[in-house]
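# Summary of structural features
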Amino acid sequence: MGIKPAKKLRTKIDITMFQPAYMGKAEALMWKRYYERRYLGLFMTMFGCGRHVGYSPSLSIKLGFFAAQAARLFQASRSAEEAHRALPPLERYYDLIAIGAPSTFCSREVALTELGWWQARRENKPPSEYGIRIACVASLVYGVAIDKVALAGIRRAQAMEYRDRHEMEQSDWAVVENKLIESYSILKSSLRADDNENKA
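Remember, predicted model here, so these are calculated numbers, not experimental data. (Residues numbered from 1 in each chain as written. Predicted model: local features only at pLDDT ≥ 70, side-chain atom pairs only at ≥ 80, totals over all residues. Heavy atoms only, no water.)

## Topic: the nonpolar core
Heads up, the rule is: Put simply, buried Ala, Val, Leu, Ile, Met, Phe, Trp, Tyr and Cys residues joined by side-chain atoms within 4.5 Å make one nonpolar core. To sort residues, take the accessible area from a 1.4 Å probe on protein chains only and compare it with the maximum for the residue type: under 20% means buried, over 50% means exposed, and anything in between is partly exposed. Put simply, DSSP H or I for four residues or longer makes a helix, DSSP E for two residues or longer makes a strand, and each gets a number counted from the N terminus. Contacts are assigned to residue pairs that have any heavy atoms within 4.5 Å of one another.
In terms of nonpolar packing, the biggest core is built from 61 residues, with Y94, I97, V141 and Y142 touching the most fellow members. Sorting the residues of this core by element identifies α1 (20-35), α2 (39-52), α3 (57-76), α5 (87-97), α6 (107-122), α7 (127-142), α8 (146-165) and α9 (170-199) as the ones contributing at least two each. Looking at which element gives the most residues to this core, the answer is α3, with eight residues. Ignoring sequence-local partners within four residues, the contact set of I97 consists of I15, Y55, L63, F105 and V141.

## So, the pattern of salt bridges
Inclusion rule: Whenever a carboxyl oxygen of Asp or Glu lies within 4 Å of a side-chain nitrogen of Lys or Arg, that contact is scored as a salt bridge.
Summed over all chains, the structure comprises nine salt bridges. E36 is paired through a salt bridge with K32; the nearest N and O atoms lie 2.7 Å apart. Looking at K32, the relative accessible area reads 15%, which means it is buried. Between R121 and D164 there is a salt bridge, and its shortest N-O distance comes to 2.6 Å. Taken together, the residues span a long stretch of sequence, with R121 in helix α6 and D164 in helix α8 at a distance of 43 residues. On the basis of relative accessibility, which here comes to 15%, the residue R121 falls in the buried class. Taken together, the shared-partner salt bridges connect K32, E36 and R38 into one network.

Structure follows, in structure tokens:
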């Protein structure tokens, strides 16, 4: 399971300019590496995502490092209190995401919201519940109303639920990948629609 780099790397940082197919494949690969505890691989995939939307190699390294560190600390935690050890690197990660975001947001608020849905999923909350929390992260990061990104968040949560309910052979990872591509496609369309409304 692997992903091909985008044909042309962007030279301007803009997190809205992602390609859904690329991001869906990349996220599926990151999940796989997370559950295999292959943090270096997770870092490398996150590095590629940074380059995909225009981050420099040095900033992409930082993105990958903080993302992998947050994932590792959360995975090792055994309580909600311990899980908060992942908050500092997660906040640093969103400090970097803010560089390419279309609107201003509070990195700590977004990191807390992200960590909240991680914990909700761990506690076996239904996808409809933590999917909205995922949508809250997108709403804050992209500066759009939550109702416009709610479906993308729920679709991403449903991909997670599929992973949780299966033994995850290669064919199952392909299903997850397709579900994530769908989620990112919905998100992309929502952002375009919002941008067109703002220009009207």
